[in-house]
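Close look at the chain arrangement
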Amino acid sequence: MKVTTEQKETCIVDLHIELPPERFQSEWTSVGNEYRRQVALPGFRKGKAPLSAIERKYGQEIEQEVTRKLLNTAVQAAIAEQKLAPVQSPNVRDIKLEGDRSLKFTATIVTRPAVTLPEYKGLEVKVEKKEVAEADVDQFLEGLRGDLADFSTVEGKALAMGDFAILDYEGSIDGKNLAETYPDLQPTYAGRKNFWIKLEEDRPIPGLAAGLVGLKAGESSEIPVTFPTEFGEEKLRGYKVVYKATVHEVKERVLPALDDAFADKLSPGSTLEKIRIQVRERLQANAEQNFASSVRGEVVKQLLAKVAVDAPSTMVQQESASILKEIIRENQQRGVSEDEIRGHQEELLGAAQQSAGDKVKLNFILGEIVSKEGIRVSREELAWRITSMAEHYRMTPQKLIKELQKHGALPGIEEEIALGKALDTVVSHARVNGEEPKNPIVHSKENHSHEEPHVHGPGCGHDH
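Within every chain, residues take consecutive numbers counted from 1 along the sequence as written. In keeping with the model being predicted, local features are shown solely for residues with a pLDDT of at least 70 and side-chain atom pairs are shown and tallied solely at 80 or more, while totals for entire chains, interfaces and linings include all residues. Based on all heavy atoms of the structure, the side-chain values leave hydrogens and waters out of the count.

**Thoughts on the sheet that holds strand 4 (residues 103-110)**
- Spatially, four strands are ordered 1-2-4-3 in an open sheet, and the strand pairing comes out antiparallel. The strands lining the two open edges of the sheet, one partner per strand, are strand 1 (2-9) and strand 3 (91-97). With strand direction ignored, the average angle separating the axes of adjacent strands in the sheet is 15°.
- Sheet analysis places strand 1 next to strand 2 (residues 12-19), joined by seven bridges and oriented antiparallel. In the strand pairing of strand 2, Thr-5 is matched with Leu-15.
- In this description, contact between two residues means that some pair of their heavy atoms is separated by no more than 4.5 Å. To obtain each axis, a line is fitted to C-alpha atoms, and for helices this fit is confined to the stretch in contact; angles are then taken between N-to-C directions over 0 to 180 degrees. A run of H or I in DSSP counts as a helix once it spans at least four residues, and a run of E counts as a strand once it spans at least two, with each numbered from the N terminus. On top of the sheet, helix 2 (residues 51-81) reaches strand 1, strand 2, strand 3 and strand 4; it is set at about 50° to strand 4, its chief contact. Pairing between two strands is assigned when DSSP locates at least 2 bridges connecting them.

**Remarks on the pattern of salt bridges**
- Salt bridges are identified by distance alone: a Lys or Arg side-chain nitrogen within 4 Å of an Asp or Glu carboxyl oxygen. If you walk through the whole model with that rule in mind, you get 29 salt bridges.
- With its nearest N and O atoms 3.5 Å apart, the salt bridge here joins Lys-130 to Asp-136.
- Counted as one network, the salt bridges with shared partners bring together Glu-134, Asp-138, Arg-276 and Arg-280.

**Here's the deal with unusual backbone geometry**
- In this chain, Arg-203 is followed by Pro-204 through a cis amide linkage whose omega measures -10°.
- Relative to the helices and strands, Pro-204 is located in the loop between strand 9 (191-198) and helix 6 (208-212).
- We note that Lys-83 has phi near 55°; this positive angle belongs to a residue other than glycine.
- Within the secondary structure layout, Lys-83 lies in the loop between helix 2 and strand 3.
- Residue classification places Lys-83 among the exposed residues on the basis of a relative accessible area of 74%.
- Residues other than glycine seldom take positive phi values, yet Asp-94 does so here, at roughly 50°.
- Position of Asp-94 among the secondary structure elements: in strand 3.
- The class for Asp-94 is exposed, based on a relative accessible area of 53%. Accessible area is worked out with a 1.4 Å probe on protein chains only. A residue is then buried under 20% of its type maximum, exposed over 50%, and partly exposed in between.

**Some thoughts on the packing of helix 12 (residues 379-393) against helix 14 (residues 410-428)**
- In contact at an axis separation of 10 Å, helix 12 and helix 14 are set at 110° when each is read in the N-to-C sense. With respect to their mutual orientation, helix 12 and helix 14 come out roughly perpendicular. The hand of the helix 12/helix 14 crossing is right-handed. Between helix 12, through Glu-381, Leu-382, Arg-385, Ile-386 and Met-389, and helix 14, the contact on the second element is made entirely by Leu-410, Ile-413, Glu-414, Glu-416, Ile-417 and Lys-421. We call two directions roughly parallel when the angle between them is under 35 degrees, roughly antiparallel when it is over 145, roughly perpendicular when it lies between 65 and 115, and oblique otherwise. By convention the crossing between two helices is left-handed if the near helix lies anticlockwise of the far one by an angle smaller than a right angle, and right-handed if it lies clockwise.

**Considering helix 12**
- Here helix 12 spans 21 Å end to end across 15 residues, near enough to the 21 Å set by a 1.5 Å rise per residue.
- Residues Leu-382, Ile-386, Met-389 and Ala-390 constitute the buried set of helix 12. One face of helix 12 carries all of its buried residues, which in axial projection span an arc of 105°. Exposed positions of helix 12 whose direction lies more than 90 degrees from the buried face are Glu-380, Trp-384, Glu-391 and His-392.
- Structurally, helix 12 contributes buried residues whose contacts are with helix 13 (397-406) and helix 14.
- Positive phi appears at Arg-394, one or two residues downstream of helix 12, with a value of about 55°. The span one expects for a helix is its residue count, reduced by one, times 1.5 Å. Of all possible arcs, the one meant is that of the directions from the helix axis to the C-beta atoms.

**Focus on the environment of Ala-311**
- With respect to the element layout, Ala-311 can be found in the loop between helix 8 (272-306) and helix 9 (313-333).
- The sequence separation of Ala-311 and Ala-356 amounts to 45 residues, and the corresponding C-alpha distance is 10.0 Å.
- Setting aside residues no more than four positions away along its own chain, Ala-311 makes contact with Glu-9, Val-316, Val-360 and Lys-361.

**Here we look at the environment of Asn-286**
- Along the chain, Asn-286 turns up in helix 8.
- Residue classification places Asn-286 among the partly exposed positions, given a relative accessible area of 32%.
- Asn-286 sits 198 residues away from Gln-88 along the chain, and the two C-alpha atoms are 39 Å apart.

**Focus: the packing of aromatic side chains**
- Any two rings among Phe, Tyr and Trp, with Trp reduced to its six-membered ring, count as a pair given centres within 6.5 Å; such a pair is stacked if its planes are under 30 degrees apart, edge-to-face if over 60, and tilted if neither. The final tally for this structure, using the stated rule, is eight aromatic pairs.
- Summarising the aromatic geometry, the rings of Tyr-169 and Tyr-243 are spaced 5.9 Å apart at their centres and angled 65° between planes, so their arrangement reads as edge-to-face. Taken together, the residues Tyr-169 in strand 7 (residues 164-173) and Tyr-243 in strand 11 (residues 240-254) connect sequence positions 74 residues apart. Per residue, the accessibility class of Tyr-169 equals that of Tyr-243, and both read buried.
- In this structure an aromatic cluster arises from ring pairing among Phe-151, Phe-164 and Trp-196.
- Only Lys NZ and Arg CZ are tested; either one counts as a charge over a ring when it is within 6 Å of the ring centre and within 35 degrees of the ring normal. The ring of Phe-291 has Lys-129 sitting right over it, with the charged end atom 5.1 Å from the ring centre.

**Examining the side chain of Glu-319**
- Relative to the helices and strands, Glu-319 resides in helix 9.
- We classify Glu-319 as buried; its relative accessible area is 19%.
- Polar contact is the term for a pair of N or O atoms within 3.5 Å; when the atoms are in protein, one must be able to donate a hydrogen and the other to accept it, and sequence-neighboring residues count only if both atoms are side-chain atoms. Here the side chain of Glu-319 touches Lys-359 through a polar contact of 3.2 Å, side chain to side chain.
- Excluding residues within four positions of it along the chain, Glu-319 makes contact with Ala-356, Lys-359 and Val-360.

**What about the confidence of the model for the protein chain?**
- Per-residue confidence from the predictor is reported as pLDDT, a score between 0 and 100. Looking at the protein chain as a whole, its pLDDT mean stands at 89, while 95% of the residues score no less than 70.
- Low pLDDT, under 50, characterises residues 447-464; the predicted model gives this stretch 42 contacts beyond four residues in sequence or across chains.

**Overview of the packing of helix 8 against helix 14**
- With their axes 10 Å apart at the nearest point, helix 8 and helix 14 run at an angle of 95° to one another. Between helix 8 and helix 14, the angle falls in the class roughly perpendicular. Across the interface between the two elements, Val-295, Arg-296, Val-299, Val-300 and Leu-303 of helix 8 pack against Gly-420, Leu-423, Asp-424, Val-426 and Val-427 of helix 14.
- Residue polarity follows a fixed list, in which Ala, Val, Leu, Ile, Met, Phe, Trp, Tyr, Cys and Pro are nonpolar, Asp, Glu, Lys and Arg are charged, and the others, Gly among them, are polar. Here the residues of the contact of helix 8 with helix 14 sort into seven nonpolar, one polar and two charged.

As structure tokens, this is what we get:
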């Protein structure tokens, strides 16, 4: 076997591998004999057909099996020969079987970047801690009042910004109906019947609300709207659309009184004072959660700033694709159209790439901390995580485990837990706003039971 190396990046190397014809022929004979033992050909008893007949019948399948086996064994041998420690499964490409049966191919190997850890315990973190004030409670209650508001019809009132109305509107370009011109256009832009609207600047259509100002119930108007060239809906960018609108009713929002009757609507049998206490407790819990999240974020920011990591581009690209897919899914769930998403494609891609680069770098840093601290994942921790995931996906833990094993995903779950524990450790040792750590996490570095699962992480040397 001939192996030549080509360094592509600090952590990425191409192995150009060439196997001599005799290796292919030897494996061919082995696989062919295996086929011979297992298959039956017409006119021959099972296992008695000559190899030449087997080769004529199953030549293509044998060649595929031989190539697969040789690729796998040769790549592993080359990795061992070059003393490489992959953090990803090798990417094998450019496979070429020559006429003389020599086999040539390239395997791209991604290895762990060198990570030099700074002193990560005792990081100085400054994060503002918000205290819940009575004004915050009042503001939250006002939001609840809005949720329970009634709407009454106001006779003879001319619409003003901030008012509510029920109306019909229909858009057209050069006299042609928008819905007919663009059948797949969102109804919000094409036109709606008996549509509830709050008059706000540029919502839902730029300039529509302003054109409704002054109209009363029963009145109509034609409102010209010019869409910005950067508008989310690509079909309408730069176009002048005329919306014919007819107001049916002008509505006034009537907020309920802030009293015990209001509290009883929120929680039967409750009082306003009890509701205020519950709101204050909820806001305090949210403030503490936000504070903890901010501390965690600041620790991550400092780790990324203190440690130089040459993240492999292939890992960043894969993570970027995963993050971009998640961003698109979240936007679609929020009702953002495909045209709007495409309109911000470059912006979304840039955000995904930045986030992916930071995540890959952070994982390598945390992976080094996992090793240094001797962090392990217990069976109980793994079981808890799987149970939590099973509840999220609405399936039994047993079924989820089978799915994870089927796709080889269990090591990845262990890795996530271990990296999370590493970050928890760093956070627990941080000096937040000048205060000494209250409960710093300390890991035992003694030998663990052989029953403890191995933690797969960046650089562990295993495929995952």
